[in-house]
Amino acid sequence: QVQLVESGGGQVQAGGSLRLSCAASGRTFSSDAMGWFRQAPGKDREFVGTISWSGGTFYAVSVRGRFTISRDDAKNMMYLQMNSLKPEDTAVYYCAVAQRPVAGSWSHEYSDWGQGTQVTVSS
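Residues numbered from 1 in each chain as written. Predicted model: local features only at pLDDT ≥ 70, side-chain atom pairs only at ≥ 80, totals over all residues. Heavy atoms only, no water.

Asker: Pulling in residues and values, what's your account of the state of the cysteines?
Answerer: Applying the stated rule across the entire model yields one disulfide. Disulfide partner of Cys 22: Cys 95, at an S-S distance of 2.1 Å. Negative torsions about the S-S bond denote left-handed disulfides, and the value of about 65° found for Cys 22 with Cys 95 makes this one right-handed. Of this pair, Cys 22 sits in strand β3 (residues 18–25) while Cys 95 sits in strand β9 (residues 91–97), placing them 73 residues apart in sequence. Grouping residues by exposure puts Cys 22 and Cys 95 together as buried. (Disulfide = S-S within 2.5 Å. Helix = DSSP H or I, 4+ residues; strand = E, 2+ residues; numbered from the N terminus. Buried < 20%, exposed > 50% of the residue type's maximum accessible area, 1.4 Å probe, protein only.)

Written as structure tokens, this is what we have:
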């Protein structure tokens, strides 16, 4: 349905910030929800946050107040601004698109996924 490519990952010290980008192509998704998930080695994929077609957002409790999701449909982009990073934020971060205007925290709500970008937060 859509191709997604994450970028912007890297290494940062605890308390620092990173901005992840997700570039989409293949179809129009301006009416679809998008989301961010993350996965640490040996752990299940974890919900981070989602943004609806109209820009409404909600986040996992673990990142609320520190992370912000935004989208720019004219540029086919979604972003994840991560502030006050903690070592427990270390993971591969994935962006995803749903075939619905609003989506939640379950992976199966999202139909297309990127390959992920590594975020490492040191103590």
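Picking up where we left off.
Asker: Which residues make up the nonpolar core, and what are the values?
Answerer: Counting residues in hydrophobic clusters, the biggest one holds 35 residues, and the most contacted among them are Trp 36, Phe 67, Met 78, Leu 80, Met 82 and Tyr 93. For this core, the secondary-structure elements that each account for two or more residues are β3, β4 (34–39), β5 (46–51), β7 (67–72), β8 (77–82), β9 and β11 (117–122). In terms of residues, this core owes the most to one element, β9, which gives five residues. Phe 67 has contacts with Arg 38, Val 48, Tyr 59, Leu 80, Gln 81, Met 82, Asn 83, Leu 85, Asp 89 and Tyr 93, leaving out every residue within four places of it along the chain. (Core = buried A, V, L, I, M, F, W, Y, C linked by side-chain atoms within 4.5 Å. Contact = heavy atoms within 4.5 Å.)

Asker: Describe the pairing of β4, with residues and values.
Answerer: Counting buried positions over the six residues of β4 gives five, a clear majority of the element. Bridge count between β4 and β5: five bridges; the pairing is antiparallel. Bridge pairing in β5 places Arg 38 opposite Glu 46. Joining the antiparallel neighbours β4 and β5 is a turn of six residues, in which Gly 42 adopts a positive phi near 75°. (Pairing = 2+ DSSP bridges.)

Asker: Please give an account of the sheet that holds β3 that cites residues and values.
Answerer: Spatially, the four strands line up as an open sheet ordered β1-β3-β8-β7, and their pairing is antiparallel. Of all strands in the sheet, those with a lone pairing partner are β1 (3–7) and β7, marking the two edges. Between one strand axis and the next, the sheet turns through 15° on average, direction left out of account. (Axes fitted to C-alpha atoms, helices over the stretch in contact; angles between N-to-C directions.)

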